[in-house]
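# Structural overview
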Amino acid sequence: MDKKVQTAHQMTETLLQKRAWVTKGGDPKYHAQLEQQNKIFVRDRLKMLLDPDSFVEDGMLTRSQDNLPADAVVCGFGRIDGRQVAIIANDITVKAGTWGRKTYQKMTYTQQKADQIGIPLIYLVDSAGARLDEQHFCYAGHDAMGNIFYNQIQYSGRIPQICVLFGPSPAGSAYVPALCDITIMVDKNVSAYLGSPRMAEMVIREKVTLEEMGGARMHCTVSGLGDVLCNSDEEALMACRKYLSFFPQNWQQPAPLVDAREPIAGKAIEQIVPVHQGLPFDMKDLIHRVIDEESWFEIKALFAQELVTGLARIGGRSIGIVANQPKVKGGVLFVDSSDKAARFVWLCNAFNIPLLFLCDISGFMIGSHVEKQGIIRHGAKMLFAVAEAKVPRICVIVRKAYGGGYLAMSGNPMQPDCTIALQTARPAVMGPEAAINAVYYNKIMELPEDEREAYIAHKRREYEENIDPYSIASEFFIEDIIPGSDLRHELIARFAIYANKKWERLERRNGVMPV
């Protein structure tokens, strides 16, 4: 009997030793490299991200007999602020976090479970990509690492998918952040690219640094792959937690409603918004006058800054905000800002987050350069997303609302739940400068040169006097004109009303989206 008890005890000790060995990850020298890069070990990241003692791991002992702890990926389930989430987290101390023949199986298993349960899925990415010495097991077949991307696409819009990128994500693995709803990147440590600088030099003779090719700052400012730029692992994990707080568990649930907080103290909206249409101001100052204190979470803050997109709460309700930024390029829409808006609108619509459009726009950019870039195609993409959105939508005309820009910002022809205007609103097909030039060009050319400037100024004043919010309100083309001091209260009341509207799916497989 004693021998049997001792054997059982030894078996338990063996199991505990194996589990302890796995949780230590790779060789100590790789942990030392993490410290040199100011990076946190994967299991410590999980402790920082998740509620205490909430993590349940799947596949901990995978490849343990091959001396590959967890096969370089930690998968399982935990809680964030009491809410269940699924986790896929690369361990870069094991085989540089590469994907092997069991890595992708663990990842796809966790993806499937997350969708079945209906909970958010968080990818903590820090991986050198596919494992070339195991490619025959995981590349070409029906059951292969490409299933990771297939699953991401199938579950897109069903469950929130969040990527926090801490380090490398090269070649095919770069599509994990690209296919997530949001990608949070850590500055100076991230690299995401299809071909490395060494490969670029060898194949196309381009000499480029790793940061220039695929660094976090480049992706957050130029390519648009990155949505949030953070300075440390800790900051990135906290950003992940905050982002998730705006979202439901899945597409069938309403967005969370929490206790309201008053906005931060600041100038009145009437003091923020200049009456003169050509004077710039910071639209974020207006945003902070209507949203709950400390609820702002900007997305793509460094990319296409002529348009502001972000999540916030108004009266405790999660809201997505799309706003023109007059202080950057006059708030005119370009190719990148059109794409930025379209993706954000699709994100909010997918997860039942109402949309607020703050319109101060003279239109889309013109000129041969943007035409060659495809401004019409990209602008159509934004129009497509706005018209397709079924969540509650409110358009506020702050100042300018000209032409196609007004439509892209969810003006009344795009069937929002309502369009309201501030007293500074100036809706028109085009602005005074363009309109006077179009209507009176021949007359202007007939005048002596020394009389033209005064004539143009006079006609512009006449034109401006005829574009005001009262003319369109009189015809019931908009729902109301309100003072800036009432805007927050109006939005709270209207979003509460529109939250009850029923959603209906159009009978079709899919629209043919402009690209």
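Preceding this section is the structure that the text describes.
Below: a short report on this structure. (Residues numbered from 1 in each chain as written. Predicted model: local features only at pLDDT ≥ 70, side-chain atom pairs only at ≥ 80, totals over all residues. Heavy atoms only, no water.)

What follows is about the pattern of salt bridges. Applying the stated rule across the entire model yields 29 salt bridges. In the salt-bridge network here, residues are joined through shared partners; they are Arg63, Asp66, Asp71, Arg101, Arg131 and Glu134. (Salt bridge = Lys/Arg side-chain N within 4 Å of Asp/Glu carboxyl O.)

Right, let's get into the sheet that holds strand β4 (residues 121-125). Hydrogen bonds between backbone groups are what pair the strands of a sheet, and the pairing can be parallel or antiparallel. The strand order β1-β2-β3-β4-β5-β6-β7 describes an open sheet built from 7 strands, whose pairing is mixed. On the outer flanks of this sheet lie β1 (56-58) and β7 (228-230), each paired with one strand and no other. For this sheet the average axis-to-axis angle between neighbouring strands, irrespective of direction, equals 20 degrees. (Pairing = 2+ DSSP bridges. Helix = DSSP H or I, 4+ residues; strand = E, 2+ residues; numbered from the N terminus. Axes fitted to C-alpha atoms, helices over the stretch in contact; angles between N-to-C directions.)

For helix α6 (residues 146-155), the complete set of buried residues consists of Asn147, Ile148, Phe149, Asn151, Gln152 and Tyr155. Those residues of α6 that are buried lie in contact with α4 (103-117), β4, β5 (161-165) and α7 (175-179). Looking one or two places after α6, you find Gly157, whose phi comes out positive at around 80 degrees. (Buried < 20%, exposed > 50% of the residue type's maximum accessible area, 1.4 Å probe, protein only. Contact = heavy atoms within 4.5 Å.)

Turning our eyes to something else, we now look at the packing of α4 against α6. In the contact formed by α4 and α6, the axes pass within 9 Å of each other and the chain directions differ by 10 degrees. Between α4 and α6, the angle is such that the two are roughly parallel. Here α4 and α6 pass one another in a crossing that is left-handed. Of the residues in α6, those in contact with Tyr104, Met107, Thr108, Gln111, Gln112 and Asp115 of α4 are Asn147, Ile148, Asn151, Gln152 and Tyr155. Split into classes, the residues belonging to the contact of α4 with α6 amount to 4 nonpolar, 6 polar and 1 charged. (Parallel < 35°, antiparallel > 145°, perpendicular 65-115°, else oblique. Left-handed = near helix turned anticlockwise from the far one by under 90°. Nonpolar A, V, L, I, M, F, W, Y, C, P; charged D, E, K, R; others polar.)

The next thing to look at is the layout of surface pockets. By volume, the second largest pocket is sized at about 520 Å³. Lining the second largest pocket are 21 residues, with Ala128, Ala130, Leu132, Pro170 and Ala171 sitting closest to its centre. A total of 3 residues in the lining of the second largest pocket trace back to one element, the largest contributor, which is helix α8 (residues 197-204). For the lining of the second largest pocket, a count of residues per class yields 13 nonpolar, 6 polar and 2 charged. (1 Å grid on protein atoms, 1.4 Å probe; cavity = no way out; pocket = protein on both sides within 12 Å on 5 of 7 lines; lining within 4 Å. Points joined across faces, edges and corners; volume = space filled by probe spheres on them.)

Although it is not a glycine, Asn38 adopts a positive phi angle of roughly 60 degrees. Residue position: Asn38 is located in the loop between α2 (28-36) and α3 (42-49). We note that Arg63 has phi near 60 degrees; this positive angle belongs to a residue other than glycine. When its relative accessible area of 11% is taken as the criterion, Arg63 is described as buried.

The next point concerns the packing of aromatic side chains. One pass over the structure, following the stated rule, counts 6 aromatic pairs. On the basis of an interplanar angle of 45 degrees and a centroid distance of 6.1 Å, the ring pair of Trp99 and Phe149 is categorised as tilted. Within this pair, whereas Trp99 is found in the loop between β3 (83-90) and α4, its partner Phe149 is found in helix α6, the two being separated by 50 residues in sequence. Like Phe149, Trp99 is buried. On the basis of an interplanar angle of 55 degrees and a centroid distance of 5.8 Å, the ring pair of Tyr243 and Phe297 is categorised as tilted. Here Phe297 lies in strand β8 (residues 297-299) and Tyr243 lies in helix α11 (residues 233-244), a separation of 54 residues in the sequence. Judged on exposure class, the residue Tyr243 and its partner Phe297 are both buried. Lying across the ring of Phe166, Arg45 places its NZ or CZ 3.9 Å from the centre. The ring of Phe246 has Arg313 lying over it, and the distance from NZ or CZ to the ring centre is 4.4 Å. (Phe/Tyr/Trp six-rings, centres within 6.5 Å; stacked < 30°, edge-to-face > 60°. Lys NZ or Arg CZ within 6 Å of the ring centre and 35° of its normal.)

This part covers empty space enclosed by the protein. Following the criterion strictly, the structure yields 3 cavities of 30 Å³ or more and no others. Size it by volume and the largest cavity reaches roughly 70 Å³. Contributing to the lining of the largest cavity are Asp181, Ile182, Asp227, Ile299, Lys300, Thr309, Lys340, Arg343, Phe344 and Leu347. It is helix α14 (residues 335-350) that contributes the most residues to the lining of the largest cavity, 4 residues altogether.

Here we come to the pairing of strand β2 (residues 73-80). Among the 8 residues in β2, 7 count as buried, and that is most of the element. The pairing of β1 with β2 spans 3 bridges and is classified as antiparallel. Each residue of the ladder has a partner; that of Val56, found in β2, is Phe77. Once β2 ends, the chain turns through 2 residues before running back antiparallel as β3, passing Asp81 with a positive phi of about 50 degrees.

With that out of the way, let us pick up the environment of Ser245. Among the structural elements, Ser245 can be located in the loop between α11 and α12 (269-272). When the C-alpha positions of Ser245 and Leu257 are compared, they lie 9.9 Å apart, and in sequence the two are 12 residues distant. Within the local environment of Ser245, its side chain forms a polar contact with the side chain of Arg313, the two groups lying 3.0 Å apart. (Polar contact = N/O pair within 3.5 Å; in protein donor to acceptor, adjacent residues only side chain to side chain.)

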